[in-house]
Amino acid sequence: MPQHVDFKKREEFRIRLVRSLENAGFNPRKAGELRTLFNKRYGLGQVTSIAVYKWLMGESMPTEDKLVILAEMCGVCPYWLRYGERIKPINSIDTNNFDFNNPQQC
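Here the residue index of a chain counts from 1 through its sequence in written order. Given that the model is predicted, a residue must reach a pLDDT of at least 70 before its local features are reported, and side-chain atom pairs must reach 80 or more before they are shown or counted; all residues, however, enter totals for whole chains, interfaces and linings. The side-chain figures draw on all heavy atoms in the structure; neither hydrogens nor water molecules are used.

## Focus: the overall build of the protein chain
Where helices and strands are cited, they refer to DSSP runs of H or I of at least four residues and of E of at least two residues respectively, numbered from the N terminus. When helices and strands are tallied, the protein chain shows 5 helices and 0 strands. Along the protein chain, helices and strands appear, N-terminal first, in the series α-α-α-α-α. Each residue's exposure class comes from its accessible area (1.4 Å probe, protein chains only) as a fraction of the maximum for that residue type: buried when under 20%, exposed when over 50%, partly exposed otherwise. Of all 106 residues assigned to the protein chain, the portion counted as buried reaches 41%. Taking the intrachain contacts of the protein chain between residues at least 6 apart in sequence as the baseline, contacts between residues at least 24 apart amount to 46%. As displayed, the protein chain offers around 6200 Å² of accessible surface, 48% of which is attributable to carbon and sulfur atoms. It only takes one pair of heavy atoms within 4.5 Å for two residues to be counted as in contact. The accessible surface values rely on the Shrake-Rupley method and a 1.4 Å probe; as for residues, cover is taken only from the protein chains in view.

## Some points on the side chain of Asn39
As for its position among the elements, Asn39 is in helix α2 (residues 31–41). A polar side-chain atom of Asn39 sits 3.1 Å from a polar atom in the side chain of Gln46. The contact partners of Asn39, leaving out residues within four places of it in the chain, are Gly45, Gln46 and Val47. Under this definition, polar contacts are N or O atom pairs within 3.5 Å; protein pairs additionally need one hydrogen-donor-capable and one acceptor-capable atom, and for neighbouring residues in sequence, both atoms have to be side-chain atoms.

## Some thoughts on the packing of aromatic side chains
When the centres of two rings from Phe, Tyr and Trp lie within 6.5 Å, Trp using its six-membered ring, the rings pair. Their planes under 30 degrees apart give stacked, over 60 give edge-to-face, and anything left gives tilted. Scanning all chains against the criterion turns up 3 aromatic pairs. On the basis of an interplanar angle of 65° and a centroid distance of 5.6 Å, the ring pair of Phe38 and Trp55 is categorised as edge-to-face. Here the residue Phe38 occupies a position in helix α2, and Trp55 occupies one in helix α3 (residues 49–57), the gap between them amounting to 17 residues. We classify Phe38 as buried; its relative accessible area is 1%.

Right under this line is the structure:
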């Protein structure tokens, strides 16, 4: 996701992310702990505590592949987490066949 996303959209994302993490039983005030849990699920490398902190503070937004993992951790639809539309709990996401921009999959 481009870093030039406007402040309002980043702030709305931040609020959805923090609330979703809390609802899923995670503490959004512990970026290091969230980084560890995230990295256990993310098979394409590692994210830093600073990156997680920036997501939680609305300073940046994760790329789509990372957003899918965050949504899975929270039990929400990636489309909803990104755009704030169509919340739906999920069991798991097949990231190989997931069309991120298709709201019908949410």
